[in-house]
Amino acid sequence: MKKRNRNLLLTGGIALGLLLWAGLDTRLTVREYTVESGKLTGPVRLVLLTDLHGCDYGQDQRELLDVVEAQNPDLVLLGGDIVDDEARMPEERSLATVEALAERWPVYYVTGNHEFWTGRVDAIREEISRRGAVVLAGECVQVTAAGQPLQLCGIDDPNVGERAWQRQLEDVTAALEEDTFSILLTHRPERVEDYTGRGFDLALAGHAHGGQWRLPGLINGLLAPNQGLFPPYAGGSYDLEGTTLIVSRGLARESTRVPRFFNPPEVVVVELVPETKK
Ligand SMILES: [Fe+2]
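What counts, and at which threshold
Throughout this description, residue numbers start from 1 for each chain and increase along the sequence as written. The predicted origin of the model limits local features to residues at a pLDDT of at least 70 and limits the giving and counting of side-chain atom pairs to 80 or more, whereas totals for whole chains, interfaces and linings rest on all residues. Hydrogens and water are ignored here; the side-chain numbers use all heavy atoms of the structure. Runs of H or I in DSSP of at least four residues are treated as helices and runs of E of at least two as strands, each being numbered from the N terminus. Radius of gyration: over C-alpha atoms. The globule rule applied is 2.2 Å multiplied by the number of residues raised to the 0.38 power. A 1.4 Å probe rolled over the protein chains alone gives each residue an accessible area, and that area as a share of the maximum for its type sets the label: buried under 20%, exposed over 50%, partly exposed in between. Note on definitions: a residue-residue contact is assigned when non-hydrogen atoms from the two residues lie within 4.5 Å. Note on areas: Shrake-Rupley, 1.4 Å probe, and residue coverage restricted to the protein chains presented here. Of the grid points, spaced at 1 Å and generated over the protein atoms alone, those admitting a 1.4 Å probe that cannot get out make up cavities, while open sets with protein on both sides within 12 Å along at least five of seven lines make up pockets; any residue with an atom within 4 Å of a point is treated as lining. Grid points are joined across faces, edges and corners, and a volume is the space filled by probe spheres set on the points. Put simply, Ala, Val, Leu, Ile, Met, Phe, Trp, Tyr, Cys and Pro go in the nonpolar bin, Asp, Glu, Lys and Arg in the charged bin, and everything else, Gly too, in the polar bin. Throughout, nonpolar core names a set of buried Ala, Val, Leu, Ile, Met, Phe, Trp, Tyr and Cys residues whose side chains join them through atoms within 4.5 Å. Lines fitted to C-alpha atoms define the axes here, with helix axes fitted over just the stretch in contact, and angles between the N-to-C directions of these axes take values from 0 to 180 degrees. Should an angle lie under 35 degrees it is considered roughly parallel, over 145 roughly antiparallel, and from 65 to 115 roughly perpendicular; all remaining angles are considered oblique. Throughout, a crossing is termed right-handed when the near helix is turned clockwise from the far one, and left-handed when it is turned anticlockwise from it by less than a right angle. Only the six-membered ring of Trp is used, alongside the rings of Phe and Tyr, when aromatic pairs are assigned; centres must lie within 6.5 Å, and planes under 30 degrees apart are stacked while those over 60 apart are edge-to-face, with the rest tilted. For a Lys NZ or an Arg CZ to count as sitting over a ring, it must be within 6 Å of the ring centre and within 35 degrees of the ring normal.

Considerations on the overall build of the protein
Reasoning step 1: When helices and strands are tallied, the protein shows seven helices and 14 strands.
Reasoning step 2: In terms of C-alpha radius of gyration, the protein reaches 20 Å, essentially the compact-globule figure of 19 Å for 278 residues.
Reasoning step 3: Once the C-alpha set of the protein is aligned to its principal axes, its extents read approximately 75 × 50 × 35 Å.
Reasoning step 4: The proportion of buried residues among the 278 residues of the protein is 53%.
Reasoning step 5: Sequence separation of at least 24 residues holds for 71% of the intrachain contacts in the protein that already meet a minimum separation of 6.
Reasoning step 6: Total accessible area computed for the protein in this model is approximately 13000 Å², and 53% of it derives from carbon and sulfur atoms.

What follows is the structure, given as structure tokens:
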């Protein structure tokens, strides 16, 4: 082989290696969003964690817990698929994570499809509640966070049954109070039509895992469950006619059969702030 060709091959090989190394990096990241509202008089910091699937974040989940601690949240919201249905992903690790979070912050939880797929969703809800998180399944609670009154509503995954799911959605919508900042915690991002026009200020979801493979700036996700190829709600912030939908790319790492690519797992921080006068 000519020297020039050998150099070209070597350079290509190194470039490919670097691309793979960077793309397959699954170190935890933090993604921040800011949501303004005239209903607030001061800031509130929310941390949204979704799709943990029992994944390993170091000894006692310290890697994850330290990142959450550094965000100084007022509330921690768990958006489903925290527990996985496969035996290789330990349920106890998920539950211990919930417990550790709940010892430190107020924690609210809704189910995802994988909790239903365990076939023991009621027992999981009960256990999560026993570990100190508030389980929301078609209900709203009034909370005060950083001195701000909030209405926090949560619904199950649609695996609860379509009719029951619609009923939960109707129940939380009926409970809304116009002057209080309202949050809908839900696992599914693709059900945008069901969330639009209900009057929620903020909707938070997960499930899509960021579309698994990304090319930031070019392709925001290749494939997501219930959305297919090039999923429109793979991760990010979306305006649903007055409701801001924020979709977390989630925390799943070793649980996925296909590795994430340019799509590191993320802790989502949502800073709620009073409206700035224009
Ligand atoms: Fe899911």
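Re empty space enclosed by the protein
Reasoning step 1: Considering all chains together, one arrives at one cavity of 30 Å³ or more under this definition.
Reasoning step 2: In this structure, the largest cavity spans a volume of roughly 40 Å³.
Reasoning step 3: Considering the residues around the largest cavity, the lining is formed by Leu-49, Leu-52, Leu-64, Leu-78, Ile-82, Ser-94, Thr-97, Val-98, Leu-101 and Leu-251.
Reasoning step 4: The element best represented in the lining of the largest cavity is helix 3 (residues 91-104), accounting for four residues.
Reasoning step 5: The class makeup of the residues in the lining of the largest cavity is eight nonpolar, two polar and no charged.

A word on the nonpolar core
Reasoning step 1: Core analysis: the largest hydrophobic core is formed by 29 residues, its most contacted members being Leu-49, Leu-64, Val-76, Leu-78 and Leu-101.
Reasoning step 2: Secondary structure elements with two or more residues in this core: strand 2 (44-49), helix 2 (62-71), strand 3 (75-78), helix 3, strand 4 (107-109), helix 5 (121-130) and strand 14 (266-274).
Reasoning step 3: Val-35, Leu-77, Leu-136 and Leu-204 belong to the second-largest nonpolar core, a separate cluster that totals 24 residues.

Focus on the layout of surface pockets
Reasoning step 1: Considering only enclosed or pocket space, the largest pocket measures out at about 490 Å³ in volume.
Reasoning step 2: Along its surface, the largest pocket is lined by 23 residues, and His-114, His-209, Gln-212, Thr-256 and Arg-257 are the ones closest to its centre.
Reasoning step 3: Elements that contribute at least two residues to the lining of the largest pocket include exactly helix 4 (113-117) and strand 10 (223-224).
Reasoning step 4: Ranked by the residues each element gives to the lining of the largest pocket, the list is headed by helix 4, at three residues.

Describing the packing of helix 2 against helix 3
Reasoning step 1: Running from N to C, helix 2 and helix 3 point in directions that differ by 25°, and their axes come no closer than 11 Å. Taken together, the axes of helix 2 and helix 3 lie roughly parallel to each other. In the crossing of helix 2 with helix 3, the sense of the turn from one axis to the other is right-handed. Contacts from Leu-64, Leu-65, Val-68 and Glu-69 of helix 2 reach helix 3 at Thr-97, Ala-100, Leu-101 and Arg-104.
Reasoning step 2: Of the residues belonging to the contact of helix 2 with helix 3, the class tally is five nonpolar, one polar and two charged.

A word on the packing of aromatic side chains
Reasoning step 1: Going through the model one piece at a time under the given rule, you end up with four aromatic pairs.
Reasoning step 2: Put simply, the rings of Trp-213, Phe-261 and Phe-262 touch in pairs and so form one group of aromatic residues.
Reasoning step 3: A cation sits over an aromatic face here: Arg-253 above Tyr-57, 3.8 Å from the ring centre.

Considerations on the environment of Glu-32
Reasoning step 1: Topologically, Glu-32 is positioned in strand 1 (residues 29-37).
Reasoning step 2: Sequence spacing of Glu-32 and Val-267 is 235 residues, and the spatial spacing of their C-alpha atoms is 8.5 Å.
Reasoning step 3: In this structure, Glu-32 is in contact with Arg-45 and Val-269, ignoring residues within four places of it in sequence.

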